[in-house]
Amino acid sequence: MTLPPIEDWWSELTSDAQHAVLGSGSPHLDENVREEIREITGAVVGMVETLSDDDLKYARAHLESDG
């Protein structure tokens with residue numbers, strides 16, 4: 001179980017899931033977000049998968065530019 005590159009799924013996440021990622025205060029992804037990533041990419045994302053600092057920077061930059 002490996003987290004696919006954030007570029008492959010971030011823009012397709014629902015707004016709620018994007019806000020859950022950035023508002024959680026944890027690098028771990030909650031169950032709903034992991035399920036959305038699975039639906040988008042086909043990858044099974046485990047509970048132990050975490051976002052890197054670069055992933056979080058990407059997410060913040062793209063949330064701001066898209067919203």
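In this text the structure is predicted, and so the values were computed from the model without any measurement. Counting restarts for each chain: residues are numbered from 1 in the order of the written sequence. Given that the model is predicted, a residue must reach a pLDDT of at least 70 before its local features are reported, and side-chain atom pairs must reach 80 or more before they are shown or counted; all residues, however, enter totals for whole chains, interfaces and linings. For the side-chain quantities, the full set of heavy atoms in the structure was used; hydrogens and water were omitted.

Draft legend 1. Looking closely at helix H2 (residues 31-41). Remark: exposure states derive from per-residue accessible area (1.4 Å probe, protein chains only) relative to the maximum for the residue type, with buried under 20%, exposed over 50%, and partly exposed in between. Secondary structure is summarised from DSSP: a helix means a run of H or I of at least four residues, a strand means a run of E of at least two, and numbering begins at the N terminus for each. Every buried residue of H2 is listed here: Val33, Arg34, Glu36 and Ile37. Each buried residue of H2 lies within a common arc of 160 degrees when the element is viewed along its axis, so the set occupies one face. Counted as exposed and oriented over 90 degrees from the buried face of H2: Glu31, Asn32 and Glu39. By definition, residues are in contact when any of their heavy atoms lie within 4.5 Å. Packed against the buried residues of H2 are helix H1 (15-23). The opening residue of H2, the one whose side-chain oxygen lies 3.2 Å from the backbone nitrogen of Asn32, is Asp30. The directions from the helix axis to the C-beta atoms form the arc being described. By the criterion applied in these results, polar contacts are pairs of N or O atoms within 3.5 Å in which, for protein atoms, one can donate a hydrogen and the other can accept it, and in which residues neighboring in sequence qualify only through two side-chain atoms.

Draft legend 2. Structural context of the pattern of salt bridges. Salt bridges are identified by distance alone: a Lys or Arg side-chain nitrogen within 4 Å of an Asp or Glu carboxyl oxygen. Taken as a whole and assessed by the stated rule, the structure comprises one salt bridge. For Glu35, the salt bridge is made with Arg38, and the minimal N-O distance between the two is 2.5 Å. Note that Glu35 and Arg38 are positioned in helix H2 at a spacing of three residues, about one turn of the helix. Given the relative accessible area of 33%, Glu35 is considered partly exposed. The class of Arg38 is partly exposed, set by a relative accessible area of 34%.

Draft legend 3. Seen up close, H1. Restricting attention to buried positions, one finds in H1 the residues Ala17, Gln18 and Val21. For H1, the angular spread of the buried residues around the axis is 100 degrees, confining them to a single face. Counted as exposed and oriented over 90 degrees from the buried face of H1: Asp16 and Gly23. At the C-terminal side of H1, Gly25 shows a positive phi close to 75 degrees.

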